[in-house]
Amino acid sequence: MAASRCWLACLSNLHPPLLLPHDAPRVIGRSRETRIKSKRCSKSQVELLADYSSFTITARQLGPNSSVVNGQCLSYGSSAKLKHNDIIEIVSGEYQHRVEFEPPPSSNGDPDTKPSEQDPTTMPRGNTKRTITDYLPSPKRVKTTGTNEGDGWEKSSDGDLLVYQKNLKGSEKIAGYDMDGTLITTKSGKVFPTDYNDWKILFSEIPGKLKKLHASGYKIIIFTNQAGIASGKHTVEGVQKKISAIIGMLGVPIQVFVSTGKGPYRKPALGMWEFLQKEANGGVEIDLAESMYIGDAAGRPAVGKKKKDFSFSDRLFALNVGVKFFTPEEHFLDAKIQDFNMPDFDPHQVDASLPLYEPSDTLVPKHKLEVVMMVGFPGSGKSFFCSSHLEPLGYVTANRDTIGSWQKCLALMEKSLKEGKHVVVDNTHPDKESRQRYIEVAKKLGASVRCFILNVSKDHARHNNKYREFKGEDHTKVGEMIFNMYKSKYVEPSLEEGFSDIVKVNFIPEFKKNKDEKLYRMFLLEK
């Protein structure tokens, strides 16, 4: 049997699902319908051709900036296949959508003939049903509806934060806890729960400890990351029921903050804590010296059969807040302080006093006619450096993100050199091949070519990208795959390639406001 319909569902709930008709190409891109505004996304970004008989979609790249199908970047004109529940990023790192055939294919390729209702205790595997109201903007504060367990739940105006018992009495002293791996573990013994009932209290000492803290004036709060809600792996109702059952087992009043996405509410970022301070502690000022946070994502190395912690997010969250941190074993079992590692990149160590260039006496420009080729991770600050340091000196910038392709960048460089203008090629250039095409043309036109390498590590660039995202700057999100791809392709530039010299450019942060620097100096990466 064939499918009767096919939908393209936005995982960020920006718009209602888009119908993909059978055997009729549909072009997806920047439009009112998709609510995509980024100029990196073309109005004709990707063509999708659905085949209801085979339950497949052929995605063909049309825009200059890559779309991503199941982790595979598409180059201009190339195609890839999508199946039911497969994910496409309309632009690399942004606008995730999932393919949903209706009815879905069964394991043997045929559609399910008897679709059943979703069991609220079963975690969805991608085919969650939606209505048009799921995609409408939320009011400023909306109480969730449904079961009695939903009473007391509200969500933030942007929909990325769920709050339980927002009006619970405020306190100067906060005892904050992660949930999974800190208060509970799985009954099944598996790393990830099999359903919303697969949990048990981690240690028998936990309820008694919480009751003592509550009796001594502490407000007990759970801060938990649940990005599976945004991706469709979990449902709001399922998570709410689970948390309500956990609170009932613990036997003390508990306030809960649930980050449902990957934005500024997600630990180690401070969105949930700031919401607590401003709107959910009854106007009571929190005493950081008397407060604490407990979590299992603590950066602990592997010991014996125990695996290393999956991230640093809980320890870094406590550092960002400025409260004492403990692991569950230290807090509940009075275990000795456990060994831990810290991330390789520390935003506190970014030095604004470094010289811009290494060597520090670098001349710009240095030659009568020259091309400066930028090399560095996405998010390393190349474009800011070009606009603030080179363009004011008369350099013409050739940037693939703004003009569309390396061929157009090459043409602009050639035209500008013939006019006697210096040029800076502002792209990532990780390998020799991507650099050589410019070097050859520039030298034929009598220009010297210099290589400027941004002295920024992968994690530093990831931090910069997250900072821009949280500030709401007009920069496209860069997915982890892009950073990994750059690192795997990277070949250290050498003079043998034809460069007249190689200069390292240090990242010198500049801030217009104190709050911007405060945000930048926080740990924003969980691992």
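Residues numbered from 1 in each chain as written. Predicted model: local features only at pLDDT ≥ 70, side-chain atom pairs only at ≥ 80, totals over all residues. Heavy atoms only, no water.

## Comments concerning the overall build of the protein
- Across its full length, the protein carries 13 helices and 26 strands.
- Rg of the C-alpha trace for the protein: 26 Å, near the compact-globule value of 24 Å for 527 residues, within the 12% margin.
- Based on the C-alpha atoms only, the size of the protein along its principal axes is roughly 80 × 65 × 45 Å.
- In the protein, the share of contacts with a sequence separation of at least 24, taken over all contacts with a separation of at least 6, comes to 69%.
- Of the accessible surface of the protein, which amounts to about 25,900 Å², a share of 51% is contributed by carbon and sulfur atoms.
- Here the protein contributes 75 positively and 65 negatively charged side chains, and the mean placements of these two sets differ by 2 Å. (Helix = DSSP H or I, 4+ residues; strand = E, 2+ residues; numbered from the N terminus. Rg over C-alpha atoms; globule rule 2.2 N^0.38 Å. Contact = heavy atoms within 4.5 Å. Areas by Shrake-Rupley, 256 points an atom, 1.4 Å probe, with all protein chains shown as cover. Lys, Arg positive; Asp, Glu negative; His and termini not counted. Charge placed at Lys NZ, Arg CZ, Asp CG, Glu CD.)

## Notes on the pairing of strand E13 (residues 161-164)
- Burial along E13 is two-sided: Leu161 and Val163 facing one way and Leu162 and Tyr164 facing the other are all buried.
- Judged from the three bridges that link them, strand E12 (residues 153-155) and E13 form a sheet pairing that is antiparallel. The residue bridging Lys155 from the neighbouring strand is Leu162, located in E13. (Buried < 20%, exposed > 50% of the residue type's maximum accessible area, 1.4 Å probe, protein only. Pairing = 2+ DSSP bridges.)

## Let's talk about the pairing of strand E17 (residues 219-225)
- Here E17 lies mainly inside the structure; seven of its seven residues are buried.
- Sheet topology note: the strand E14 (residues 174-177)/E17 ladder contains four bridges and is parallel. Of the residues in E17, the one forming a bridge with Tyr177 is Ile222.
- Where E17 meets strand E18 (residues 254-259), six bridges bridge the pair, whose relative direction is parallel. Counted as the bridge partner of Phe223 is Phe257 from E18.

## Brief notes about the packing of aromatic side chains
- Within this structure, the stated rule accounts for 19 aromatic pairs.
- Ring plane angle 85° and centroid distance 5.1 Å describe the contact between Tyr467 and Tyr520, whose orientation is recorded as edge-to-face. One end of the pair, Tyr467, is in helix H11 (residues 458-471); the other, Tyr520, is in helix H13 (residues 514-520), with 53 residues separating them in the sequence. Grouping residues by exposure puts Tyr467 and Tyr520 together as buried.
- Between the aromatic rings of Phe507 and Tyr520, the centroid separation amounts to 6.2 Å while the plane-to-plane angle is 15°, which identifies the pairing as stacked. In this pair, Phe507 sits in the loop between strand E26 (501-505) and H13 while Tyr520 sits in helix H13, placing the two residues 13 residues apart along the sequence. Neither residue differs from the other here; Phe507 and Tyr520 are each classed as buried.
- Through a chain of ring-to-ring contacts, the aromatic side chains of Phe223, Phe257, Trp273, Phe275, Tyr293 and Phe317 assemble into a single cluster. (Phe/Tyr/Trp six-rings, centres within 6.5 Å; stacked < 30°, edge-to-face > 60°.)

## Comments concerning the confidence of the model for the protein
- For the protein, per-residue confidence averages 88 on the pLDDT scale, and 91% of positions sit at 70 or higher.
- Confidence drops under a pLDDT of 50 for residues 108-150, and excluding neighbours within four residues, the segment shows 91 contacts in the predicted structure. (pLDDT = per-residue confidence, 0-100.)

## What about the sheet that holds strand E5 (residues 56-61)?
- Ordered by their spatial adjacency, four strands build an open sheet running E3-E4-E5-E8, and the pairing between neighbours is antiparallel. Where the open sheet ends on each side, the last strands, each with one partner, are strand E3 (26-28) and strand E8 (79-83). Within this sheet the neighbouring strands show an average axis-to-axis angle of 30°, counted without direction.
- As paired strands, E3 and strand E4 (residues 46-51) are joined by three bridges and run antiparallel to one another. Its bridge partner being in E4, Ile28 is matched across the sheet by Val46. (Axes fitted to C-alpha atoms, helices over the stretch in contact; angles between N-to-C directions.)

## As for the pattern of salt bridges
- Applying the stated criterion to the full structure yields 22 salt bridges.
- Between Glu47 and Arg60 there is a salt bridge, with the nearest N and O atoms lying 3.3 Å from each other. Within this pair, whereas Glu47 is found in strand E4, its partner Arg60 is found in strand E5, the two being separated by 13 residues in sequence.
- A relative accessible area of 18% places Glu47 in the buried class. (Salt bridge = Lys/Arg side-chain N within 4 Å of Asp/Glu carboxyl O.)

## A word on helix H7 (residues 382-390)
- Buried within H7 we find Lys382, Phe385, Cys386 and Leu390. In a view along the axis of H7, the buried residues occupy a sector of 100°, so they form one face of it.
- Looking at the buried side of H7, the elements it contacts are strand E21 (357-358), strand E22 (370-375), strand E23 (396-398), strand E24 (423-425), strand E25 (448-454) and E26. (Arc of directions from axis to C-beta.)

## With respect to the nonpolar core
- Grouped together as the largest cluster of nonpolar side chains are 68 residues, with contacts concentrated most on Phe223, Phe257, Trp273, Val371, Met413 and Phe452.
- Residues in contact with Phe452, not counting those within four places in the same chain, are Tyr357, Val364, Val372, Met373, Met374, Val375, Phe385, Val503 and Val505.
- Core analysis: the next-biggest nonpolar cluster, separate from the first, contains 31 residues, Trp199, Ile222, Ile229 and Leu250 among them. (Core = buried A, V, L, I, M, F, W, Y, C linked by side-chain atoms within 4.5 Å.)

## Focus on the side chain of Thr327
- Tracing the backbone shows Thr327 in the loop between strand E20 (324-326) and helix H6 (328-332).
- Residue classification places Thr327 among the buried positions, given a relative accessible area of 0%.
- Within the structure, the side chain of Thr327 is placed 2.6 Å from the side chain of Gln338, a separation counted as a polar contact.
- Once you skip the residues sitting within four places of it in the chain, Thr327 turns out to touch Ile294, Gly295, Ala298, Arg300, Arg315 and Gln338. (Polar contact = N/O pair within 3.5 Å; in protein donor to acceptor, adjacent residues only side chain to side chain.)

## Describing helix H4 (residues 271-279)
- The set of residues buried in H4 consists of Gly271, Met272, Trp273, Phe275 and Leu276.
- Looking at the buried side of H4, the elements it contacts are E13, E14, E17, E18 and helix H5 (313-321).

## Remarks on unusual backbone geometry
- Put simply, Glu102 and Pro103 share a cis peptide bond, and its omega is -5°.
- Along the chain, Pro103 turns up in the loop between strand E10 (94-102) and strand E11 (142-143).
- In the segment running from Lys267 into Pro268, the intervening peptide bond is cis, with an omega of 15°.
- Here Pro268 shows up in the loop between E18 and H4.

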